[in-house]
Amino acid sequence: MSTTSPTVTTQAPRTAQATHAPAADGSGFDTDVLVVGAGPTGLLLAGDLAVSGLRVTLVERRTTGISNMTRAFAVHARSLEQLDARGLADRLVATGSRLDRMEMFGKVSLDLSQLRSRFPFVLVTPQYEVERALEERARSAGVDIRIGTELRGLRQDADSVTAELAAHASTGTGTAAPAVEDSTENSTEDGTEPSAIPRTHTLRARYLVGTDGVHSAVRRAIDMPFPGTSVLRSLALADVRLADTPPQTLRLATDGDAFAVVMPFGDGWYRVMGWDRAHQVPDSEPVELDELRTLARRAFGTDYGMHDARWLSRFHSDERQAPSYRVGRVFLAGDAAHVHTPAGGQGMNTGLQDAANLSWKLAAVLHGEAPDPDALLDTYQAERHPVGTQVLRSSGALIRLAIAHTPLQRATRALTTHALGSLRPVATRTIGQVSGIGIGYDRDTRRVPDLKLREGRLYELLRDGRFVLVAPEGTAPTPPPSIPAAPGRLIRATWSNPARRDALLVRPDGYTAPLH
């Protein structure tokens, strides 16, 4: 069982006096689950919990709602399956472009059509399209989204988590508690206007989930270390217009000492990213568009006539992972729990899988359906932490091979490229890993493809967030007592093929559960 974190109070700028309003339902709780961070991971998690009938509050530090300064562009097959189980995949596919092949080191191309999925491709679409779809679902399910609200500290006991929140004026689409005037003067001590003072208040929840990114306030508040290292420094990035359209949806090229990537937003803007081993400067060093033009010409032989940059930035890429994703009633998910290089485009996708894994477990516990609540919640760590480690290793290996410099490193890349191009099992395993389709948790917990059943597609039946029990017609097997599938939250379905005589129990996240 996870240990309980001590009370942690973080230092913060001067704020108005904290207040606490009594819970509306008289339970002593203001919400069932507080989710901190409204990126894709937090939005999917909050939406799932609200769809199950729970009260959910989602707070986001940004004051402008969804940002168009997107980080991720790739939505892999397994993430699309999870979005399909929420009725969002087809809508999202319409916003982007499909990649049917995955280029590796500029030498070999992996065919994604072999994936046993409705989505045998990589969808290239900006992260904000994913966020937009998930936010609309969360709002329609009743999630209380508070933009411009940040976590200042938290404390927990055996039954609850109490968060100290600071609400700033919001210019986004969410709601935020208004800033309040200082009660003693018409201006603050530092001369700022009273409206600039954030109002602090406490909120008591049964559980709290930190999905607030690399610089997670939740992770700091529970004193969770984030060990790791920087893999790539001085990555240059810009959003630009191009005079010439690239021949491929996503272009990546490297010579070992430098690389460049070009990805489309779909609205005429492109994201360009580059790295040069010989030009390593601090993140604070300004980026000039000529730097990226030079890298593009070096990688592609052309800069595609890039112009009119609307955003230029420099950053570094880390590999880090929290040792534990759970401390008592507080959980970490997405980039708050793990961060890695952009190779393979697995970051956002791994976070979405974290959310899908945790949401149904929290719902089962809070609805009183879990025979052993702590044991069920501990499976989040047991299942997702190894996946996070695996993604760190695979993405790190990809980027290190891509920038191979020494003779030994280049020989290793040549051997890897040969294996990918000539050994089908190696290619299949690589595609399964990067797409998420090949990831399972143990012998009894494997990903289930979208099955055609008499009642419809499996992933359509999963949209209620319930277990699905598939069995031959005329049979009614019963899940074992250890499975948190109450009779009212179990969907029974029938094989479309009458010759099938086995039974299959599918968890709400689309993985198998044991029937014995």
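Given the structure is predicted, the values throughout are model-derived calculations rather than measurements.

Caption draft 1: Fine view of the overall build of the protein. Scanning the protein from N- to C-terminus turns up eleven helices and 27 strands. Buried residues in the protein amount to 55% of all 516 residues.

Caption draft 2: Molecular detail of the nonpolar core. The biggest cluster of nonpolar side chains holds 81 residues, and the ones touching the most others in it are Leu-80, Leu-83, Leu-151, Leu-154 and Leu-208. In terms of residues, this core owes the most to one element, helix H7 (residues 347-366), which gives ten residues. Judged by nonpolar contacts, the second largest core, of 31 residues, contains Ala-77, Val-261, Phe-265 and Ile-431.

Caption draft 3: Representation of helix H10 (residues 424-435). For H10, built from twelve residues, the straight-helix expectation of 16 Å at 1.5 Å per residue is met to within 8% by its first-to-last C-alpha distance of 16 Å. For H10, the set of buried residues is Ala-427, Thr-430, Ile-431, Gly-432, Gln-433, Val-434 and Ser-435. The inward-facing, buried residues of H10 contact helix H2 (77-84), strand S7 (101-104), strand S8 (108-111), helix H8 (373-402) and helix H9 (407-422). After H10 finishes, the residue Gly-436 shows a positive phi value of roughly 90°.

Caption draft 4: Spatial organisation of the confidence of the model for the protein. Of all residues in the protein, 88% have pLDDT values of 70 or greater, and the mean over the chain is 86. Predicted confidence for residues 1-22 stays below pLDDT 50, and this span has 52 contacts to residues more than four positions away or in other chains. Contacts from residues 175-195, a stretch scored under 50 in pLDDT, to residues over four places away or in other chains number 30 contacts.

Caption draft 5: Main features of the pattern of salt bridges. In this structure the tally under the stated criterion is 36 salt bridges. Between Glu-81 and Arg-447 there is a salt bridge, with its nearest N and O atoms 2.6 Å apart. Placement of the pair is Glu-81 in helix H2 and Arg-447 in the loop between H10 and strand S22 (452-453), with a sequence separation of 366 residues. Assigned by exposure class, Glu-81 and Arg-447 land together as buried. Of the charged contacts, one joins Glu-383 and Arg-507 as a salt bridge, the two residues approaching to 3.0 Å between their closest N and O atoms. Within this pair, whereas Glu-383 is found in helix H8, its partner Arg-507 is found in the loop between strand S26 (504-506) and strand S27 (512-513), the two being separated by 124 residues in sequence. Ionic contacts of the salt-bridge type, sharing partners, join the residues Asp-84, Asp-90, Arg-118, Asp-450, Arg-457, Glu-460 and Arg-463 into one network.

Caption draft 6: Summary view of the packing of H7 against H8. One can describe the packing of H7 onto H8 by two numbers: an axis separation of 9 Å at closest approach and a directional angle of 175°. Relative to H8, H7 is oriented roughly antiparallel. Residues Thr-350, Gln-353, Asp-354, Asn-357, Leu-358, Trp-360, Lys-361, Leu-362, Ala-364 and Val-365 of H7 pack against Pro-373, Leu-376, Leu-377, Thr-379, Tyr-380, Glu-383, Arg-384 and Val-391 of H8.

Caption draft 7: Expanded view of the side chain of Thr-31. On the secondary structure map, Thr-31 appears in strand S3 (residues 31-36). Given the relative accessible area of 0%, Thr-31 is considered buried. Of note is the side chain of Thr-31, whose polar atom sits 3.2 Å from the side chain of Thr-57. Every residue in contact with Thr-31, bar those within four places of it in the chain, is listed here: Arg-55, Val-56, Thr-57, Leu-203, Arg-204, Ala-205 and Arg-206.

Caption draft 8: Quick look at the pairing of strand S14 (residues 228-241). Where S14 and strand S18 (residues 307-321) come together, ten bridges link them in antiparallel fashion. When the sheet's bridge partners are listed, Ser-230 is paired in S18 with Asp-318. Here five bridges tie S14 to strand S17 (residues 270-276), and the two strands are oriented antiparallel to one another. Note on S17: the bridge partner recorded for Ala-236 is Gly-274.

Caption draft 9: Examining the packing of aromatic side chains more closely. Under the counting rule described, the total for this entry stands at ten aromatic pairs. Aromatic side chains Tyr-128 and Phe-265 sit 6.3 Å apart centroid to centroid with 10° between the ring planes, which places their arrangement in the stacked category. On the criterion of sequence distance, the pair formed by Tyr-128 in helix H4 (residues 127-141) and Phe-265 in the loop between strand S16 (258-264) and S17 is long-range, its members being 137 residues apart. When sorted by exposure, Tyr-128 lands in the same class as Phe-265, which is buried. A ring pair is formed by Tyr-441 and Tyr-511, whose centres lie 4.8 Å apart and whose planes are at 35°; its orientation type is tilted. Placement of the pair is Tyr-441 in the loop between H10 and S22 and Tyr-511 in the loop between S26 and S27, with a sequence separation of 70 residues.

Caption draft 10: Focus on the pairing of strand S10 (residues 144-147). Alternating residues of S10 divide into Ile-145 and Ile-147, all buried, and Asp-144 and Arg-146, none buried. Here strand S4 (residues 56-60) pairs with S10 via four bridges, running parallel. Looking at the pairing, Glu-60 lines up with Ile-147 of S10.

Scoring rules and cut-offs
- Residues numbered from 1 in each chain as written.
- Predicted model: local features only at pLDDT ≥ 70, side-chain atom pairs only at ≥ 80, totals over all residues.
- Heavy atoms only, no water.
- Helix = DSSP H or I, 4+ residues; strand = E, 2+ residues; numbered from the N terminus.
- Buried < 20%, exposed > 50% of the residue type's maximum accessible area, 1.4 Å probe, protein only.
- Core = buried A, V, L, I, M, F, W, Y, C linked by side-chain atoms within 4.5 Å.
- Expected span 1.5 Å × (residues − 1).
- Contact = heavy atoms within 4.5 Å.
- pLDDT = per-residue confidence, 0-100.
- Salt bridge = Lys/Arg side-chain N within 4 Å of Asp/Glu carboxyl O.
- Axes fitted to C-alpha atoms, helices over the stretch in contact; angles between N-to-C directions.
- Parallel < 35°, antiparallel > 145°, perpendicular 65-115°, else oblique.
- Polar contact = N/O pair within 3.5 Å; in protein donor to acceptor, adjacent residues only side chain to side chain.
- Pairing = 2+ DSSP bridges.
- Phe/Tyr/Trp six-rings, centres within 6.5 Å; stacked < 30°, edge-to-face > 60°.

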